[in-house]
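# Fold and contact review
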Amino acid sequence: MPVCSCCGEEKIDDNFVMSHLRFPLIPVCNECSDEHFIEKVDCTCSVCKRKLPSSYFQHYRTRFKKNSMRLRVNTNCKDCSRKESAIVAKLKKQNPSPAYLTPCPQCGKVCYEKREDIPEGVDGTNGPWQCDHDHKTKEFRGYLCKLCNTGTGMIGDNAEYFSIAVKNKKF
């Protein structure tokens, strides 16, 4: 059994982030990682606007900032993330995703399950398919490839921002 380099305790594998070869990727148990490698600062949730301790936000287990603290996944608090996940799960249940090898309705590229599945020389994109929805109305809009959903998500649900982006794009 692995030993945590922080608390010195011998713990079962489930208490560590394990590699596929069954050794700890990080020599610190999850409990110590949560206690010592999440910054003790306040963050504002981008959804509910509450100011909360950083520990109230999701953090990657294996991605770290330059100061050795764990990187935050996003700017949504755990409550808002849970609510959003429930909405997306309901939308996915009501609207099954398209099959792979189907073109993305936004970019037109064929969507493969994983990046490594795209044949050499093919201008394809990778999944998994992303459930596109309006975050305010909760209305389902369709499925997009990961790149299109990320790109449009960065701009937000604002038509004016899209028109400015298109106008400023040099083709």
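Residues numbered from 1 in each chain as written. Predicted model: local features only at pLDDT ≥ 70, side-chain atom pairs only at ≥ 80, totals over all residues. Heavy atoms only, no water.

By the bridge criterion, four bridges tie strand 8 (residues 130-133) to strand 9 (residues 140-144) in an arrangement that is antiparallel. Counted as the bridge partner of Cys131 is Tyr143 from strand 9. Between strand 8 and strand 9, which pair antiparallel one after the other, the connecting turn spans six residues, and Lys138 there sits at a positive phi close to 70°. (Pairing = 2+ DSSP bridges. Helix = DSSP H or I, 4+ residues; strand = E, 2+ residues; numbered from the N terminus.)

Right, let's get into the pattern of salt bridges. Under the counting rule described, the total for this entry stands at ten salt bridges. Here Asp79 ties to Arg82 by a salt bridge, and the two come within 3.2 Å at their closest N and O atoms. A residue pair is termed a helical-turn pair when its members lie 3 or 4 positions apart in one helix, as Asp79 and Arg82 do in helix 2 (residues 78-94) at three residues. Judged by its relative accessible area of 55%, Arg82 falls in the exposed class. Among the charged side chains, a network of salt bridges with common partners joins Asp34, Arg61 and Arg70. (Salt bridge = Lys/Arg side-chain N within 4 Å of Asp/Glu carboxyl O. Buried < 20%, exposed > 50% of the residue type's maximum accessible area, 1.4 Å probe, protein only.)

As enumerated under the stated definition, the model contains one cavity of 30 Å³ or more in all. In this structure, the largest cavity encloses a volume near 30 Å³. Here the residues of the lining of the largest cavity are counted per class, giving three nonpolar, two polar and one charged. (1 Å grid on protein atoms, 1.4 Å probe; cavity = no way out; pocket = protein on both sides within 12 Å on 5 of 7 lines; lining within 4 Å. Points joined across faces, edges and corners; volume = space filled by probe spheres on them. Nonpolar A, V, L, I, M, F, W, Y, C, P; charged D, E, K, R; others polar.)

Once that is clear, we can look at the state of the cysteines. Tallying each qualifying case throughout the model produces zero disulfides. With no disulfide of its own, Cys77 has Cys80 as its nearest cysteine by sulfur position, at a separation of 3.7 Å. No disulfide involves Cys145; its sulfur sits 3.6 Å from that of Cys148, the nearest cysteine. Given a relative accessible area of 1%, Cys145 falls into the buried group. (Disulfide = S-S within 2.5 Å.)

The next point concerns the sheet that holds strand 5 (residues 102-103). If you walk across this open sheet you meet the three strands as 5-6-7, and the pairing is mixed. Since the sheet does not close on itself, it has two edges, and those belong to strand 5 and strand 7 (125-126), each with one partner. Pairing analysis gives two bridges linking strand 6 (residues 110-112) to strand 7, with the strands arranged parallel. Along strand 7, the bridge assignment pairs Cys111 with Thr125.

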